[in-house]
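Descriptive analysis of the structure
Residues per chain are reported as follows:
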Amino acid sequence: MPLIHNFNSGPSILPKQVLEQAAAAIHDFNHSELSILEIGHRTSLFQDVLDEAVASLKELMELDQEHEVLFLHGGASTQFFQVPMNILDDSGSAAYLDCGTWGTKAIKEARLFGRVDVVASSKDRNYTYIPKDYRIPPDATYFHYTTNNTIEGTQVHDIPQTPVPLIADMSSDILSRVMDFNRFDLIYAGAQKNIGAAGVNAVIINKRILGKVSRRLPSMMDYRNHLENGSMLNTPPVFAIYVCMLTLRWLKEQGGVAAIEKINDAKARLLYDTLDALPVFRPKVDRADRSRMNVVFVIDQPELDAAFQEACKANGMVAIRGHRSVGGFRASLYNALPLSSVQALTELMRYFAQKNG
Ligand SMILES: *Cc1c(COP(=O)(O)O)cnc(C)c1O
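Residues numbered from 1 in each chain as written. Predicted model: local features only at pLDDT ≥ 70, side-chain atom pairs only at ≥ 80, totals over all residues. Heavy atoms only, no water.

**So, the side chain of Asp98**
Mapped onto the elements, Asp98 comes out in strand E3 (residues 93-98). Despite its burial, Asp98 remains without a salt bridge, the nearest opposite charge being carried by Lys123 at 6.8 Å. A polar atom in the side chain of Asp98 sits 2.8 Å from the side chain of Thr104. If we skip the residues at most four places from it in the chain, Asp98 touches Thr104, Ile107, Val118, Ala120, Ser121, Ser122, Lys123 and Tyr127. (Helix = DSSP H or I, 4+ residues; strand = E, 2+ residues; numbered from the N terminus. Buried < 20%, exposed > 50% of the residue type's maximum accessible area, 1.4 Å probe, protein only. Lys, Arg positive; Asp, Glu negative; His and termini not counted. Salt bridge = Lys/Arg side-chain N within 4 Å of Asp/Glu carboxyl O. Polar contact = N/O pair within 3.5 Å; in protein donor to acceptor, adjacent residues only side chain to side chain. Contact = heavy atoms within 4.5 Å.)

**Some points on a negative patch on the surface**
Among the surface-exposed residues, Glu62, Asp64, Glu66 and Asp180 lie close enough to one another that they form a single negatively charged patch. Positionally, Glu66 belongs in the loop between helix H2 (44-61) and strand E2 (67-72). (Patch = residues over 30% accessible without salt bridge, like charges linked within 9 Å, V, L, I, M, F, W, Y side chains within 5 Å. Areas by Shrake-Rupley, 256 points an atom, 1.4 Å probe, with all protein chains shown as cover. Charge placed at Lys NZ, Arg CZ, Asp CG, Glu CD.)

**Notes on the sheet that holds strand E11 (residues 281-283)**
Spatially, three strands are ordered E11-E12-E14 in an open sheet, and the strand pairing comes out antiparallel. Sheet topology places E11 and strand E14 (329-332) at the edges, where each strand pairs with a single neighbour. Recorded for the sheet is a direction-independent mean angle of 35 degrees between the axes of neighbouring strands. One ladder, built from four bridges, connects strand E12 (residues 294-299) with E14; its direction is antiparallel. Bridged to Val295 within E14 is Ala331. The sheet contacts of helix H8 (residues 302-314) involve E11, E12 and E14, and relative to E12 the element is tilted by about 135 degrees. (Pairing = 2+ DSSP bridges. Axes fitted to C-alpha atoms, helices over the stretch in contact; angles between N-to-C directions.)

**What about the nonpolar core?**
In terms of nonpolar packing, the biggest core is built from 61 residues, with Phe71, Tyr145 and Leu175 touching the most fellow members. Among the elements that make up this core, the one with the highest residue count is helix H6 (residues 238-253) (11 residues). In this structure, Phe71 is in contact with Leu50, Ala53, Val54, Leu57, Val200, Asn201, Ala202, Ser231, Ile241 and Cys244, ignoring residues within four places of it in sequence. In terms of nonpolar packing, the next biggest core, distinct from the first, is built from 30 residues, Phe281, Leu333, Ala336 and Ala344 among them. (Core = buried A, V, L, I, M, F, W, Y, C linked by side-chain atoms within 4.5 Å.)

The structure is reproduced here in structure tokens:
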């Protein structure tokens, strides 16, 4: 069993074999006697890496012919404005679900480009639930939502039904569960949670939604240019894409998304069952909307807060701490986190509850 259990929320844990391969490639990439950091991006050495990363993502997500994969710079936060810039006309109106901090930021950026109709919000209860009864106007340019709220610990378990183009920020739960990804017209995800290393986004696009806005787009912001140039309009983040390729290769070896979903379910179930059984801890969000990636909880006796923090630290549990905006605790259970780390955490919780019960 590892001595360190990495519950970081992002950048976050990567498979050990990926770290070893990436470290070796920094010294000698594929017996080229060159580092992955010093090869040209327009060489066949790197083209093979990019092609494998794209092909693996398409395979793991079971994407159809209509959907294209891009690897772009700028983090998910750049997609907050690149999406409306490319798709929302000044005269149009986009529908957004406001169910967490990241979605709120996406809404703010979209308002720079057109009208935004917030169809529902869970702000009234600090984003501790997912709004269910809302109507998406049939003439909306698109509907945008965040599939998993990394900071608040909620997750949208079913894909919303809508006739309008569907767009999602999947940064913190992409590839963690089986979904019909082809129902989306655009998906974006920062790589640093489930796909690989920080510094690159995966963007999946159905081309049918492009080319409909009247504004002029800077070259680097226009998805069509990136599609035409196969994610190589300029120098791509070579090393970050290499780490993504290795992580996707690892995920395929694990049996793909369906296989990792089983393990993710087991991890989340074990942690929530433990929290529910121990009165000292209290999960913060509505049971029906619990995230299987980010488990957010509190200790209601403030004097025990620091003691639990200390116990985690002493036992090698890294980053069991809530986001600075919400406080409390958060354990992130991304794909690369083994079940044994959750077993170690829940054992510690039971011991802590016994001592402080
Ligand atoms: C982490 C995260 C982001 C922000 O990603 P950056 O790459 O830092 O811009 C956006 N949305 C969600 C859901 C996230 O989890």
